[in-house]
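Residue-level listing of the chains:
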Amino acid sequence: LPLCFPEKLWKMLESDQFRSIWWSEGGKCVAINKDLFKVEVLGRGVCQRVFNTRHIRSVIRQLNLYGFTKVQQDFQRSASLPEFLAEEAAASAHSQILYYYNPSFNRAHPWLLGTCRRR
């Protein structure tokens, strides 16, 4: 039987094969480096394809359909201008990373994976 979307996602996160997707926030969130994910996962040939798409929009749509919500990472900003500018540059690079959360998708509670249902 083919795996459903959350099962594929879980296998990717648990695999050491992918550098573009990982557990974040102590296993409570999924972190995706958008640019690297496009190349590493979505750019694969038909035989090696994980998802049935080549578009990040479709993967995000699947995340939303399965109850994942986008999480914004908060940055504390510095008062001094040089530090603020350095933090802005780091935040810009960091903006390529997407964070998604689903209470039923938690690394510490793999048995909850079965409760991840499509809306």
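Structure report, in brief. (Residues numbered from 1 in each chain as written. Predicted model: local features only at pLDDT ≥ 70, side-chain atom pairs only at ≥ 80, totals over all residues. Heavy atoms only, no water.)

## Examining the sheet that holds strand β4 (residues 97–101)
- An order of β1-β2-β4-β3 is seen for the 4 strands of this open sheet, with the pairing classed as antiparallel. Sheet topology places β1 (21–24) and β3 (69–71) at the edges, where each strand pairs with a single neighbour. Going from strand to strand, the sheet's axes swing by 35° on average, the running direction of each strand aside.
- Across the sheet, helix α1 (residues 5–14) is in contact with β1 and β2 (29–33); its angle to β1 comes to roughly 85°. (Pairing = 2+ DSSP bridges. Helix = DSSP H or I, 4+ residues; strand = E, 2+ residues; numbered from the N terminus. Axes fitted to C-alpha atoms, helices over the stretch in contact; angles between N-to-C directions. Contact = heavy atoms within 4.5 Å.)

## Considerations on the packing of aromatic side chains
- A full pass over the atoms with the stated rule returns 7 aromatic pairs.
- With 5.7 Å between their ring centres and 20° between their planes, Phe5 and Tyr66 make a pair best called stacked. Here Phe5, found in helix α1, pairs with Tyr66, found in the loop between α3 (56–65) and β3; they are 61 residues apart in sequence, far enough to count as distant.
- On the basis of relative accessible area, Tyr66 is assigned to the buried category, the value being 10%. (Phe/Tyr/Trp six-rings, centres within 6.5 Å; stacked < 30°, edge-to-face > 60°. Buried < 20%, exposed > 50% of the residue type's maximum accessible area, 1.4 Å probe, protein only.)

## Some remarks on the pairing of β4
- Counting buried positions along β4 yields 4 of 5 residues, so the element is predominantly enclosed.
- In the sheet, β2 pairs with β4 via 5 bridges, with the strands oriented antiparallel. Among the inter-strand pairings, Val30 is bridged to a residue of β4, identified as Tyr100.
- When β3 meets β4, the two strands line up antiparallel, connected through 3 bridges. Within β4, the position partnered with Val71 by the bridge is Tyr99.

## Regarding the environment of Arg44
- Mapped onto the secondary structure, Arg44 falls in the loop between α2 (34–40) and α3.
- Overall, the relative accessible area of 17% leaves Arg44 in the buried class.
- Each C-alpha atom, one on Arg44 and one on Arg54, is 8.3 Å from the other, the two residues being 10 residues apart in sequence.
- Leave out the neighbours within four places in its chain, and Arg44 touches Gln17, Phe18, Val39, Arg49, Val50 and Arg54.

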